[in-house]
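The chain contents come next:
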Amino acid sequence: MSTDAGFIELNDINMRFGLPAEALPVVLQGIDLSIAQNEFVSIVGRSGCGKTTLLNIVAGLVEATTGTVTIAGNQVRGPGQGQGVVFQQHALFPWLTAMGNVEFGCRKADISKSEKREVCRQLLDLVGLSHAADKYPRELSGGMQQRVAIARALALDPEILLMDEPFGALDELTRIELQQELLRVWDARKKTVIFVTHSITEALILSDRVILLSPHPGRVFKDYQITLPRPRIRTDPAFNAMYQEIWEGLSA
Amino acid sequence: MKDWLSRYGPSLLVFVVLLAAWEFATTNGYLKPYRFPAPSKIAMGFVEIASEGFPEDLTIWVHTRTTVGRILQGYIAAVGLAIPLGFLIGAFSTLEKLTAPLIIFGRSIATLSLLPLVIVWFGTGELTKVVLIGYGCFWTMISNVIAGVKYVDPVLIRAARTFGVSGPALFWRVILPAALPRIFAGARMALGVGFMVIVGAEMIGTVEGLGALIMEARNFYRSEITIIGMLVIGIIGFLIASGLLHLEKMLIPWDTGLDEVRR
Ligand SMILES: Nc1ncnc2c1ncn2[C@@H]1O[C@H](COP(=O)(O)OP(=O)(O)O)[C@@H](O)[C@H]1O
Ligand SMILES: [Mg+2]
């Protein structure tokens, strides 16, 4: 591992679904990315440009056609190498309560049942849901479901949090609330986050860095460092200037 | 009590009025008593069949016990076979492709059309009846088990994989619970099939059982007894289905499907 390599390294990732003979379109082409530890990176791009596919490759859920992903120097060969995932739809297990779902995520074999329960209770507390521990997913609002999904991903105690438009289906107020919450969690637990969104505002509120993907095939098109001081204010002129710059990049 | 009355009172009233009209029409010659036996005649028939039996010594309780026994034997055998097979087929797509035509084929053959063949194979004894019921239940059940497994939301499997859950653990902890609502729906449908087949299955080689009772009553022009047989089949079908629904609510409390339907 070279000294200047990032925590997460994507080396020349190319992706095309199906068999070569099927000649399906190339989804991702020549993706090179280097992400530092504890960095909060957003990936922004039009629908269908390969954001979910890219995230799934880093998660180890989908294998790239060519190219490698490494985490702390180790090549990703599947899930469970420190990647926690929050999906676009909450993907909670409907037959488990909020607590049950978080416990499902807690895979530590070396702690007792009661310790495990305590760890999970703290996680539910962290996302502000200790009062809903015994509720089933269908009894929770969309925002609460996504909070449980975040707590469940955290239960794995992952170094990396991969989030695929996790707030995309929520109303704006809940969305803003959850963005604040996520920043708080990120602060408290120090994670490296890759966050997919199609909202420029959301990317700017959250990230250290915004990466634009261009469609057909998906390629890294622009890479912005966001140096605005936190907490970010939507009405700040510097914020708006940055928004404008990314918007122009996206429309180019 | 008051709630109960305001909720069921009106429909109960309709029911009573209908019965009264029916009684009136038959006793006054507007309806042929043989075609439409009066409610009082049915009630008397019931007393007879509950105490003396029809035919001789075979009371309604004996018929009911026999029929329930046959249905449960066929049903439980079918469900017990269909669940593991369905899981296997649903879990492996090649197996699913291989068996799909067979399952559609088997399901399409009306159960009672097998009667002559099954008699040749198994005679006219108990086994024939149980096999026919089991045959009918089996295809409905296995189709539902396969669908339940096959259509598990892939995002749930994906989520489980991010926690390193795979292989047998994936099956027990994700696929099985995710498929349960559909499996229960299949179990309820299969039970319905069992009750539909019973009269036909009891047509041959027996005078015992509700189906046999219905056919036998016809031979003696006792249409009130045919009606009693029908009613009892309906009632026990309803009772067993309610029990199953209860079990379902207990085993899958997370499922909303039931509430939506019952609302
Ligand atoms: N399993 C798959 N098989 C074939 N094509 C796929 C599959 N998953 C995604 N794609 C295709 O890859 C492209 C990118 O999809 P996706 O990564 O979901 O985009 P995004 O998340 O940016 O909207 C789309 O054109 C989509 O049709
Ligand atoms: Mg997507």
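First, a word on what this report is: a plain description of the structure on this page. Each chain carries its own residue numbering, running from 1 in the written order of its sequence. The lettering of chains begins at A and the numbering of ligands begins at 1, in the order of writing. A pLDDT threshold of at least 70 governs which residues receive local features in this predicted model, and a stricter bar of 80 or more applies before side-chain atom pairs are shown or counted, although totals over entire chains, interfaces and linings include all residues. Working from all heavy atoms in the structure, the side-chain values ignore hydrogens and water.

1. Describing empty space enclosed by the protein
Residue and element names in this part refer to chain A.
Stage number 1. Throughout, the protein atoms alone are placed on a 1 Å grid, and a set of points is a cavity if a 1.4 Å probe fits but cannot get out or a pocket if it is open with protein on both sides within 12 Å along at least five of seven lines; lining residues have an atom within 4 Å of a point. Grid points are joined across faces, edges and corners, and a volume is the space filled by probe spheres set on the points. In total, this model carries 2 cavities of 30 Å³ or more according to the counting rule given.
Stage number 2. By volume, the largest cavity is sized at about 40 Å³.
Stage number 3. Lining the largest cavity, in full, are L10, L33, I35, I43, L54, L55, V58 and I194.
Stage number 4. Put simply, DSSP marks the helices as runs of H or I at least four residues long and the strands as runs of E at least two long, and each gets a number from the N terminus on. Among the secondary structure elements, those contributing two or more residues to the lining of the largest cavity are β2 (28–35) and α1 (51–59).

2. Points about the site of ligand 1
Residues and elements named next belong to chain A.
Stage number 1. Nearness here has a simple test: a residue counts as near a molecule or strand if at least one of its heavy atoms is within 4 Å of that partner. Around ligand 1 sit F17, V27, R46, S47, G48, C49, G50, K51, T52 and T53, and those are all the residues in its vicinity.
Stage number 2. Counted as a polar contact is a pair of N or O atoms within 3.5 Å, where, for protein atoms, one must be capable of donating a hydrogen and the other of accepting one, and residues adjacent in sequence contribute only when both atoms are in side chains. A distance of 2.7 Å is found between an oxygen atom of ligand 1 and a side-chain nitrogen or oxygen belonging to T52.
Stage number 3. Accessible areas in this description were obtained via Shrake-Rupley with a 1.4 Å probe; residue shielding takes into account the shown protein chains only. Alone, ligand 1 offers 560 Å² of accessible surface; in the complex the protein occludes 56% of this.
Stage number 4. By the convention adopted, Pro, Cys, Tyr, Trp, Phe, Met, Ile, Leu, Val and Ala count as nonpolar, Lys, Arg, Asp and Glu as charged, and the other residues, Gly among them, as polar. A per-class count over the shell around ligand 1 returns 3 nonpolar, 5 polar and 2 charged.

3. Re the state of the cysteines
Residues and elements named next belong to chain A.
Stage number 1. By convention in this document, the label disulfide applies to cysteine sulfur atom pairs within 2.5 Å. For the structure shown, the criterion picks out 0 disulfides over all chains.
Stage number 2. Between C106, a free cysteine, and C120, which holds the nearest cysteine sulfur, the sulfur-to-sulfur gap is 4.5 Å.
Stage number 3. Relative accessibility under 20% of the residue-type maximum defines a buried residue, over 50% an exposed one, and the middle range a partly exposed one, all with a 1.4 Å probe and only protein chains included. Looking at C106, the relative accessible area reads 1%, which means it is buried.
Stage number 4. Residue C120 is classed as buried on the basis of its relative accessible area of 0%.

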